[in-house]
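# Structural overview
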Amino acid sequence: MGLYLIKVTTCLAIFIVFYKLVLENESMHTFKRYYLISSLIAASLIPAILFTEYIYITPEPVLNIYVSEINSDEIPAFSKKTDYLTPTLWTIYGLGVLIFGCKFCSNLFKISIRIRRNPKINYDRSIHVLLEERLSPHTFFNFIFLNKQKFEAHEIPEEVLLHEQAHAVQKHSLDVLFIELMQVILWFNPFIYFFKRAIKLNHEFLADQAVLQKGAELSNYQKILLAFSSNATETQLANAINYSSIKKRFTIMKKTTSKKAIWLRSLLVLPMFALALYGFSESEIIQIDKSLENSTSSNLSLKNLQVQKSDSIRYKYIEKPNAPNIQDIANWKNSFKYALWIDGKHTSNKELENYKLSEFAHYSSSFIYDNARSDQFPQPYQVSLFTKNKFKKLFTTNDRELNIHINKAAQILVQGELVSVLGLKQHLSKLNTDLSKEEKSEIVRGFIHVRLETPKQVVKNVSNILEEYGCVTIDIVGEKEQQDGATKTQLIAYNTIARKYNEMNTSTMRIKKGEVDQMTYLYSIMTDDQKKKAEAFPDLPPMPEPPMPPSPQRVGKGEVSAIPAPPTPPKTPKTPKSPLDHVLEMAKKDANFYYEGKSITSDEAI
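What you see is a predicted model; the values in this text were computed from it and never measured.

### Quick look at the pattern of salt bridges
Applying the stated criterion across every chain, the model contains 13 salt bridges. Between Glu24 and Lys248 there is a salt bridge, with the nearest N and O atoms lying 3.1 Å from each other. Placement of Glu24 in the loop between helix H1 (2-23) and helix H2 (29-45) and of Lys248 in helix H9 (residues 246-254) is noted, with a sequence separation of 224 residues between them. A network of salt bridges, in which partner residues are shared, links Lys20, Glu24 and Lys248.

### Thoughts on the packing of helix H14 (residues 421-428) against helix H16 (residues 456-469)
Interaxial distance between H14 and H16 falls to 10 Å at its minimum, and their mutual angle equals 20°. In terms of orientation, H14 and H16 fall into the roughly parallel class. The chirality of how H14 crosses H16 is right-handed. Between H14 and H16, the contacting residues are Val421, Leu424, Lys425 and Leu428 on the first element and Val458, Asn461, Val462, Ile465, Leu466, Glu468 and Tyr469 on the second. Tallied by class, residues from the contact of H14 with H16 come to eight nonpolar, one polar and two charged.

### What about the packing of helix H3 (residues 85-117) against helix H6 (residues 172-185)?
It is the contact of H3 with H6, at a shortest axis distance of 7 Å, that shows an interaxial angle of 155°. As summarised for this structure, H3 and H6 are arranged roughly antiparallel, according to the angle between their axes. Contact with H3, carried on its side by Tyr93, Val97, Phe100, Gly101, Phe104 and Leu108, involves Leu177, Glu180, Leu181, Gln183, Val184 and Ile185 of H6 and no other residues of that element. Of the residues contributing to the contact of H3 with H6, the split by class is nine nonpolar, two polar and one charged.

### Some details on the sheet that holds strand S14 (residues 401-406)
Here we have five strands laid out as an open sheet, ordered S16-S15-S14-S17-S18, and mixed in their pairing. Of all strands in the sheet, those bounded by a partner on one side alone are strand S16 (417-419) and strand S18 (473-477). Across the sheet, the mean angle separating the axes of adjacent strands is 25° when strand polarity is ignored. In this sheet, strand S17 (residues 445-449) lies alongside S14 in parallel orientation, the contact comprising five bridges. Residue His405 lies in a different strand from S17, and its bridge partner there is His449.

Rules used throughout
- Residues numbered from 1 in each chain as written.
- Predicted model: local features only at pLDDT ≥ 70, side-chain atom pairs only at ≥ 80, totals over all residues.
- Heavy atoms only, no water.
- Salt bridge = Lys/Arg side-chain N within 4 Å of Asp/Glu carboxyl O.
- Helix = DSSP H or I, 4+ residues; strand = E, 2+ residues; numbered from the N terminus.
- Axes fitted to C-alpha atoms, helices over the stretch in contact; angles between N-to-C directions.
- Parallel < 35°, antiparallel > 145°, perpendicular 65-115°, else oblique.
- Left-handed = near helix turned anticlockwise from the far one by under 90°.
- Contact = heavy atoms within 4.5 Å.
- Nonpolar A, V, L, I, M, F, W, Y, C, P; charged D, E, K, R; others polar.
- Pairing = 2+ DSSP bridges.

Rendered as structure tokens:
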């Protein structure tokens, strides 16, 4: 909420400064009227606009979850944390709204009393309300308030009546009511008062322009305005002649803006609004995997993820937990809006009352589109919560002994995966995430396996990374402590991969980069004798250059996506479908499912 108000204030500041510098002194009053009203609306809406960017990805699916570091041990239980600042600020805001709202209603009441209690005369498209009070002429919608004594004595010039008639005909009171309501809601925002003054002043420009267009003589009209404004009393909700703005009005009356200048200044508004929209709106990026594009739900349950983890999806583990806060828990108690899972089991939202905030280590939340909601889960959002023990069991990778191999070409092999020196740090950050740095310094050991030809600087860099990571010991294992060439285990791994690719048809060969990297590394550390006895290195076709990804297309909220459907993939030899793929395909066709002779739903089958 605080960020939203800051953005609204910044937008209002930009729009009013642009108006003062570029538009206010120009004779284009109708355009300025709509600009001011549109600026108020735009400043309120732009920070709330959410642009969703859909990006189609072609590699094998990767589940990435990026979260901020939160130490849930330091978060107190519900009963121990009291937030005094938020209710205090809301109380102050509410009092301000109440005061300004009462003032607004009071002014409306006073105008309605004047209309009811004073004589009225129908005149053209307006109604003259004759007052006993000595107030300056002013207008509220089609009611023109005039001093009865001066009106009956014909002491009110025709130009003044034309001026007030212009206010009535052009419905300036609508603008005044709008800005007054905005002031009630945003009473604390200083730029609202700048807009209020600019709107009322522009109303006077419009009325003056209407009088002069009907043939009034300029110098005579200016003298009349001075006479009527010197002792004028301004009313809050009505349009009245104001002495403080007379000098500027006289200047604008004499000024004429060419059509070319009007067009140029009007066009400048468009890039300003576009920049505000770009700078202060919200945006999110959603990656759509082509293989899962037609999935029936935008959220996968824990059971689905576990099945797919062992099937075709390469799973990347969460690096750090995303712990909820008190406000999150309060929101999730709404069973009409949120469907809730705790440790992978669907549960009642009231169950949250049985937990302390510090018991939860991580959560994920997803929006469910209308066509993916079911009778069992009609809520628009689904939330999965994990306690500390369950989180450690499901989402951490433990490897207390880190073996890093470096060959003479400075290639680094970690857990069968080739990484660069720069990428080693990121790779290690995904390991042993259940341990703090202090715990790592007591448990985790690092081994750097090198050869005589291994560059010393690379070894030093790797050693520094392991030290920063927090290993209790870092051992550099040289050739004297190693077998000559690859070990038996490494030879078996190489022969298995090489035999697999040698048995493939080169025209239909499907290459996995990770396997080729591992095979290449193992071959590079083998002795000449080992190479002769081992499986021949496969004759691999050159790796194709990856296609350039299409530029991301932005889709506004509520708009229909113009992203074309993905092209039909080339035909490849048929491979057996996994049980999960088959069930998903049949579920889309509304098939009936049976388990041990008993009918079950498609969700249960999946």
